[in-house]
Amino acid sequence: MPITNTTQIARSKGDPRIVRKGPSSLTGSDRLARALGWFSIGLGLTELMAPGFIARTLGLESKEGLIRAYGARELASAVPTLSVDKPVGLASRIAGDVLDLATLSSALRPGNAKRDNAAIAFALVIGVTLLDLVAFAEVKASHGRERGTQRDYSDRSGLPRGPQASRGLARRDFDTPPDYRAEGSVADAVPATAP
Amino acid sequence: MRALVWHGKEDIRCDSVTDPQIEDDRDAIIKITSCAICGSDLHLFHNLIPAMLPGDIMGHESMGEVVEVGAAAKAKLKKGDRVVIPFTIQCGECEQCQRGNFSLCQRTNRKGNLGDKAFGHRTAGLFGYTHLTGGYPGGQAEYLRVPFADTTHIKVPDGIDDEKLLFLSDILPTGWQAAVQADIQPGDTVAVWGCGPVGQMTIRSAILLGAEQIIAIDHLPERLSMAAAAGAVTINFETESVIERLNELTGGEGPHKCIDAVGSESHVNMGQPDTLLDRAKQMVMLENDRPHVLREMIYACRPGGVISIIGVYTGLADKIPMGQSMNKGLTFRMAQAHVPRWTDDLLRRIEDDQIDPSFVITHKVDLSDGPEMYRTFRDKADSCIKVMLKP
C-alpha cells in the first residue's frame, strides 16, 4: 500500500488538476516487464503456498520441496523485474524458465498419469519464456547508452577566462563565511600573548 | 497549460492541467521561459523518495517572467520582471532564514506536520518534490505559482540568455555551496565524486575558490571529458582503483577535501561488491540509499579533512564507517543548498564572465519531449548530461 494512503497525504485544494493525460515515459517493454514481474509474484506465492497441489496436478509428487524452492526463486526474480534494473530481473526469469522446462520435461514421461497437464504447463512456460526473451531484448535496447553517438565535451570549460586564469578568482572578494569554516590554524587557536 | 506530471515510478507525462491561480497575497504567477531536469528529479522518477502523489507536477529549476503578483508581493515584484526561481521556498523572516539557512525555512513547508514526523523538524518547502517538503507543484510547466514570491525569486537583468541564468535556480549555487562548505583553501587538493551537472558546477566553483588540484571521479567518458575541460584530473572508477589513484596524486596523503556529488544512487558495479549489496537491499526496502561514495570518501580523505555532501540522500543508509570518520577526525558538512544565500554573488560572477553555466547543457528540447528526455537522462544515453526544456 502506498505510504500516501496510510498517511492520508492529499494534494492541496488550489493546485493544478489534470485535464488531459499525455503519452507516458513508460515504454511498451517497460509495461511488459512490469506485467511479468507481477506474474512472478503470483506464481511464486502459489508455488510457496500450494506445492502439493501443483505437484499432484503435474504428476511430480516427490518434488514439493523443489517447487517451493522455485517459488522463492520466482519472488527473488520479481523484485529486480519490477525495479528500474529490469534487465537483471528478466535475465533471472529466463534462467528460471529453463529450470522450469527441465523439471516439466521429466513430467512428460510416458508413465505419468498427469502427462496431459504437464504438456499444457510445458507449452505455457514456453510461451512465457518467449515473452521474457522479447521483454529482455527490448528493455536492454531501450535502456542502453547506445542511442545516438558518444560526444566529447573537452571544449566546455565553463570558465570564459580559462581554467588557469580562473583559479582563485573568487578569492579576491569572497571568504568562506564564518559558519562554513572547518579549518583553522594554530595561530588562530592560540590566544595572542602580551609582549 | 502543459506540465510534466508524475504518475508513478518511471511514468512522467506531459499533461494538460488547469492553470495555477494566486492563492495568497505573497504569491506570484510566473510564465516559464526555461526549465530543466535535475538529477534529483531522477530519484522521484525512480520512486525512491516517499510521499509523491500521482498528478504532482515535476520540476524545481525554472525561470521566466512575472505575469501576476499578489498584493503583498507588489513591493518587490511587478509584472514583466524577469526572475529565476530558487528550488527552495523561503519566508525570509524565520530564525533559519535570518541565519541564511534558507533550505531550512521554518514556515514555507505547508505540510510541516509531515516534515516534522519524517525529519524530526520540518525543512523548507520545495518546488516539484515530495509532499514531505510541501508538495508544491513544480516548474516543468508553462506557468508556476510561486508562494512567498516576495522573497522566493532572483531578479535577473535582460540581455543575458536564459541558458546562462537558469542554473542559478539550483545546480550552480548547489555546486558552489558544495565547495564552500568544504572550506576549500588555496593549495588544497579536492576530490569530487560524480561528474553530473552538480559535480561539474562544483569543479568550477572549486577552481574559482583556488583549489590547487581537483580530482574528478566518474565512469562516463563524456562527463570525464567535461570535467577535464575545466582542468580537473580524472579517475574512471571502472578502469582504475580510486583509492590507489588518489594516493598517487596526493603523495599518499589523501585529498584535503572530499565532495559527494552523487548521493543516493551510487553506480552499481560488479567490481565494488558493496554496491551490489546496497542495490539488493534498496530493492527490498531494507535500505533507502546506496552510500558507496560516502564510504569511499571517508576511507580516502586525509585525516583532519572535510567531507562535503551535496548529493541528495533520501533516508536510511547502511554500513557508514563511523569508526574511520571518528579516528581520522573528519568534519562533515551537508545540506540542501541555501540558494538565495549565494545567488547575488554568483549572478555577479556570471555578469563578470568568471563562469558561464551554459556549458553543461547537452540537450535543449520542447517541454512536450520531457517524458522521453527523462528516460534519456536516466540512461545517460546520447551523452546526456543536462536537459533544458522550453515550454
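S.K.: A description of the domain arrangement of chain B should follow, citing residues and the corresponding values.
M.R.: All names here are of chain B. Taken domain by domain, chain B comprises domain 1 (2-170 + 337-390) and domain 2 (176-334). On a C-alpha basis, the centres of domain 1 and domain 2 stand 26 Å from each other. Tallying the contact residues gives 26 residues for domain 1 and 17 residues for domain 2. Carbon and sulfur atoms supply 72% of the area buried between domain 1 and domain 2, which totals about 2000 Å² over both sides. The three residues of domain 1 that bury the most area against domain 2 are Leu48, Phe359 and Ile385, which together make up 30% of that side's buried surface. Summed over the shared surface of domain 1 and domain 2, the number is zero salt bridges. For the pair domain 1 and domain 2, the interface holds five residue pairs in polar contact (both at pLDDT 80 or more).

S.K.: Go over the nonpolar core with me, naming the residues and quoting the values.
M.R.: Core analysis: the biggest nonpolar cluster contains 103 residues, and B:Phe167, B:Leu168, B:Trp176 and B:Ile203 have the highest contact counts within it. What B:Trp176 contacts, discounting residues up to four positions off in sequence, is A:Ala170, A:Phe174, B:Ser205, B:Leu208, B:Leu209, B:Trp342, B:Asp345, B:Leu346 and B:Arg349. Grouped together as the second largest cluster of nonpolar side chains are 18 residues, B:Ile215, B:Ile217, B:Cys258 and B:Val293 included.

S.K.: Give a description of the sheet that holds strand E1 (residues 2-8) of chain B that names residues and reports values.
M.R.: Read across the sheet, four strands follow the order E1(A)-E2(B)-E1(B)-E4(B) without closing on themselves; strand pairing throughout is antiparallel. A single partner strand is all that each edge strand has here, and the edge strands are strand E1 (18-20) of chain A together with strand E4 (56-57) of chain B. Here E1(A) pairs with strand E2 (residues 11-17) of chain B via two bridges, running antiparallel. Bridge pairing in E2(B) links A:Ile18 to B:Val17. Docked against the sheet, helix H13 (residues 370-378) of chain B engages E1 and E2 of chain B, running at close to 160° with respect to E2(B).

S.K.: Could you give an account of the environment of B:Cys97, with specific residues and numbers?
M.R.: Residues and elements named next belong to chain B. Within the secondary structure layout, Cys97 lies in helix H2 (residues 95-98). As a C-alpha pair, Cys97 and Arg341 span 244 residues in sequence and 9.4 Å in three-dimensional space. With residues up to four places along the chain from it excluded, the contact list for Cys97 reads Gln90, Cys91, Gly92, Phe102 and Cys105.

S.K.: Please set out H13(B) residue by residue, giving values where relevant.
M.R.: Residues and elements named next belong to chain B. Burial analysis of H13 places eight of its nine residues in the buried class, the great majority of the element. Taken together, the buried positions of H13 are Gly370, Pro371, Met373, Tyr374, Arg375, Thr376, Phe377 and Arg378. Two residues or fewer past H13, Lys380 is found with a positive phi of approximately 55°.

S.K.: An account of the side chain of B:Thr275 is requested, with residue identities and associated values reported.
M.R.: Residue and element names in this part refer to chain B. On the secondary structure map, Thr275 appears in helix H9 (residues 273-283). One polar contact links the side chain of Thr275 to the main-chain amide nitrogen of Asn269, over a distance of 3.0 Å. In contact with Thr275, not counting residues within four places along its chain, are His267, Val268, Asn269 and His292.

Definitions and limits used
- Residues numbered from 1 in each chain as written.
- Chains lettered and ligands numbered in written order.
- Predicted model: local features only at pLDDT ≥ 70, side-chain atom pairs only at ≥ 80, totals over all residues.
- Heavy atoms only, no water.
- Domains from an automatic or database assignment.
- Contact = heavy atoms within 4.5 Å.
- Buried area = accessible area lost by both parts, 1.4 Å probe.
- Salt bridge = Lys/Arg side-chain N within 4 Å of Asp/Glu carboxyl O.
- Polar contact = N/O pair within 3.5 Å; in protein donor to acceptor, adjacent residues only side chain to side chain.
- Core = buried A, V, L, I, M, F, W, Y, C linked by side-chain atoms within 4.5 Å.
- Buried < 20%, exposed > 50% of the residue type's maximum accessible area, 1.4 Å probe, protein only.
- Pairing = 2+ DSSP bridges.
- Helix = DSSP H or I, 4+ residues; strand = E, 2+ residues; numbered from the N terminus.
- Axes fitted to C-alpha atoms, helices over the stretch in contact; angles between N-to-C directions.

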